[in-house]
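Structural features, examined
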Amino acid sequence: MPSAGNYLDVALFSVLPYVALFTFLLVTIERYRGQAFTYSSLSSQFLENQQHFYGLVPFHYGILTVLTGHVVAFFLPAGLLWWNDHPARLYVLEAAGLIFGLLTLVGLLAIATRRLNVPRIREVTSVTDWIVLGLLLMQVASGVYVALVYPWGSSWFAAIVAPYLWSLLELAPNLGAIAPLPLAVKLHITNAYLLILFFPFTRLVHVLVVPNPYLWRRPQVVRWYRRAPSPARHG
Amino acid sequence: MNWPLAMKAARMPLVVAVLAAGVAPRVRAQEPATFFRQNCVACHTVGGGRLTGPDLKNVVARKDRAWLVHFIQNPKVVIDSGDPYAAQLLQEARGVVMPALPGMNPAMADGLIALIEAESKLEKSQFVGLQLSDRPFTPADVAAGTQIFLGTKRLATGGPPCLSCHSIGGVGAMGGGKLGPDLTLVYERLGGRKGVGAWLTAPATPTMQTLFSPAPLRAEEILPLLALLEDAALRRGTEGPVAPLTFFLIGLAGTVFSLVVFDLAWQERFRNVRRTLVDRIARRGTR
């Protein structure tokens, strides 16, 4: 007989992901069609640029690397298990993952501190921004916690989580190996769905409009037009 | 929050939730024989002797059918009710409580009893259990088992290596996984070669079942693993808190190092683009 826990598992791991994914797809498209100019990270760089560095840089290097790791594990679980066949390689991968996870966490804490402490930044911070920050903090903190307390996630993600995620895409959710997972792991997965759900309503949409060509376009020369200083000033 | 958009979107999750309920997981009806092979052989044989649970040959002669059908649907309830026979079974199993199994219902329980009855009449049941060699384990067996545990020797059917989720005291430089139980003393817990061997043939927990019922371990893999587990139980190796601490410290050191690298690399870069430009122009003047 299914227990209350069972129904909760079904709600969180076989209904919520579809709600999140469909909301994400429909609203991102709707928002782009209707309000394309709101597709922005709403940068606050011009308002404060010193503390910004210690949040922005570690956070983005961290999150991009860690997310790439998750995506690779999702698409190539067998490749990941092959890499992890040698414990030395497994340990290197896990340590790298932990380092980038911690960098993300440091960056995120710096970002939150800056938003709290710099009056000009606080002025432009909306409730949605706090929701985003809260969800991200929960996501990254639970991720680091899982990495430390339940090693070795790179292997068991490939063996347990990747097949579950594929079962979702095949419209036949298989919770067999998800239901017994520890609470921290379930929190990490559920919170990820919440992030996807909230994504289209927030500044996170900037992820979808990253100006990638900046990476390979030719450098632009910036010319400053101003009056030439008088010879006297250089004396 | 973008409210008009949010209002519009608020209606969508409802529709989607209804759709998603249609693809919610369903328990497939199973043949009793398939069910027995996947759920029961880890602890029971029919005519192969006791494992963690009793040998089920002629079980219907030992206890009446209605009781058995009731018991296997939810053993814990019967045990907790103070039933004396259930208490005796629990004692014989050294306190290991038979789990309530997913997919179990009155029809399946009835089907299983009928299956056991039929199998008991055969000279050799298909559920007589794994016939493992009785020869003493050699150091070579232990070494081979360690390779399988670590993953350096891949499992024939492609399952993940044990180290992903399990630890054995003293095996692996930074230890094993912690998602599953520590296996250092499992050889004693599950009753040695026969009990652990049977368990590995058809693991009974949901996680192990999901992973290993499509890709079962082979007999030639189970034997070296048993050698490793026996050796581990004898050595009673303790991992101590050193390995997890090492892992954490490596992470911390790497993080600090990366922050220093960022700081150095950005001395002349993005951090203060405008100020650098303005300073440079102020120094040089514009032409």
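The shown structure was predicted, so the numbers you read here are calculated from the model rather than taken from an experiment.

Quick notes on the rules
- Residues numbered from 1 in each chain as written.
- Chains lettered and ligands numbered in written order.
- Predicted model: local features only at pLDDT ≥ 70, side-chain atom pairs only at ≥ 80, totals over all residues.
- Heavy atoms only, no water.
- Phe/Tyr/Trp six-rings, centres within 6.5 Å; stacked < 30°, edge-to-face > 60°.
- Helix = DSSP H or I, 4+ residues; strand = E, 2+ residues; numbered from the N terminus.
- Buried < 20%, exposed > 50% of the residue type's maximum accessible area, 1.4 Å probe, protein only.
- Lys NZ or Arg CZ within 6 Å of the ring centre and 35° of its normal.
- Salt bridge = Lys/Arg side-chain N within 4 Å of Asp/Glu carboxyl O.
- Axes fitted to C-alpha atoms, helices over the stretch in contact; angles between N-to-C directions.
- Parallel < 35°, antiparallel > 145°, perpendicular 65-115°, else oblique.
- Contact = heavy atoms within 4.5 Å.
- Nonpolar A, V, L, I, M, F, W, Y, C, P; charged D, E, K, R; others polar.
- Expected span 1.5 Å × (residues − 1).
- 1 Å grid on protein atoms, 1.4 Å probe; cavity = no way out; pocket = protein on both sides within 12 Å on 5 of 7 lines; lining within 4 Å.
- Points joined across faces, edges and corners; volume = space filled by probe spheres on them.
- Core = buried A, V, L, I, M, F, W, Y, C linked by side-chain atoms within 4.5 Å.

Let's talk about the packing of aromatic side chains
Following the criterion strictly, the structure yields 16 aromatic pairs over all chains and no others. With centroids separated by 4.9 Å and ring planes inclined at 10°, the aromatic side chains of Trp67 of chain B and Phe71 of chain B adopt a geometry described as stacked. Of this pair, Trp67 of chain B and Phe71 of chain B both sit in helix H4 (residues 65-73), four residues apart, which is roughly one turn of that helix. On the basis of relative accessibility, which here comes to 12%, the residue Trp67 of chain B falls in the buried class. Classification of Phe71 of chain B as buried rests on a relative accessible area of 8%. These aromatic residues form a ring-pair network of at least three members: Phe53, Tyr54 and Tyr61 of chain A together with Phe262 and Trp266 of chain B. A cation over a ring is seen here: Arg217 of chain A above Tyr214 of chain A, with NZ or CZ 4.2 Å from the ring centre.

Some points on the pattern of salt bridges
Residues and elements named next belong to chain B. Within this structure, the stated rule accounts for nine salt bridges over all chains. Close ionic contact of Glu92 with Arg50 constitutes a salt bridge, the shortest N to O distance being 3.9 Å. Here Glu92, found in helix H6 (residues 84-92), pairs with Arg50, found in the loop between helix H2 (32-39) and helix H3 (59-62); they are 42 residues apart in sequence, far enough to count as distant. The partly exposed category is assigned to Glu92, whose relative accessible area is 38%. The partly exposed category is assigned to Arg50, whose relative accessible area is 31%. Note that Asp141 and Arg135 form a salt bridge whose closest N and O atoms lie 2.8 Å from each other.

Comments concerning the packing of helix H8 (residues 139-150) of chain B against helix H12 (residues 219-235) of chain B
Residues and elements named next belong to chain B. Where H8 contacts H12, the two axes come as close as 7 Å, and the packing angle between them is 100°. With respect to H12, the element H8 is oriented roughly perpendicular. Side by side, H8 and H12 meet where Asp141, Val142, Ala144, Gly145, Thr146, Ile148 and Phe149 of the first sit next to Glu221, Pro224, Leu225, Ala227, Leu228 and Asp231 of the second. The residue inventory of the contact of H8 with H12, partitioned by class, reads eight nonpolar, two polar and three charged.

Description of unusual backbone geometry
In this chain, Pro151 of chain A is followed by Trp152 of chain A through a cis amide linkage whose omega measures -10°. As for its placement among the helices and strands, Trp152 of chain A is situated in the loop between helix H6 (127-149) and helix H7 (153-169). Unlike most non-glycine residues, Asn58 of chain B shows phi in positive territory, near 55°. As for its placement among the helices and strands, Asn58 of chain B is situated in the loop between H2 and H3. Take Asn58 of chain B: its relative accessible area is 41%, and that puts it in the partly exposed class.

Side note on H6 of chain A
Its 23 residues place the ends of H6 of chain A 32 Å apart at the C-alpha level, agreeing with the 33 Å of an ideal helix rising 1.5 Å per residue. Looking at H6 of chain A, one finds that the buried residues are Thr128, Asp129, Val132, Leu133, Leu135, Leu136, Gln139, Val140, Ser142, Val144, Val146 and Ala147 of chain A.

Notes on the side chain of Asp141 of chain B
Note on placement: Asp141 of chain B falls in helix H8. Excluding residues that lie within four positions of it along the chain, Asp141 of chain B makes contacts with Arg135, Pro136, Pro224 and Ala227 of chain B.

Regarding the environment of Lys124 of chain B
Residue and element names in this part refer to chain B. By the secondary structure assignment, Lys124 is in the loop between helix H7 (106-121) and H8. Among the residues examined, Lys124 registers a relative accessible area of 60% and is labelled exposed. Placed 66 residues apart in sequence, Lys124 and Asn58 show a C-alpha to C-alpha distance of 13 Å.

Regarding empty space enclosed by the protein
Taking a probe equal in size to a water molecule and rolling it over the atoms shows the remaining empty space. In total, this model carries one cavity of 30 Å³ or more according to the counting rule given. Roughly 30 Å³ of internal volume is contained in the largest cavity. Forming the walls of the largest cavity are Asp85 of chain A together with Ile148, Gly151, Lys153, Arg154, Leu155, Gly159, Pro160 and Pro161 of chain B. Grouping the constituent residues of the lining of the largest cavity by class yields four nonpolar, two polar and three charged.

What to know about the nonpolar core
Trp156, Ile160 and Tyr193 of chain A together with Phe149, Ile168 and Leu226 of chain B are the most contacted members of the largest nonpolar core, which totals 74 residues. Excluding its chain neighbours within four sequence positions, the residues that come into contact with Phe149 of chain B are Pro161, Cys162, Leu163, His166, Ser167, Ile168, Val171, Leu183, Leu225 and Leu228 of chain B. By size, the runner-up hydrophobic cluster in this structure holds 26 residues, among which are Val59, Ala109, Leu112 and Ile113 of chain B.

Observations regarding H12 of chain B
All names here are of chain B. End to end, H12 covers 24 Å across 17 residues, agreeing with the expected 24 Å (1.5 Å per residue, within 8%). Where H12 is buried, its residues contact H8, helix H9 (186-189) and helix H10 (192-201). With its phi angle positive at about 45°, Arg236 sits one or two positions after the end of H12.

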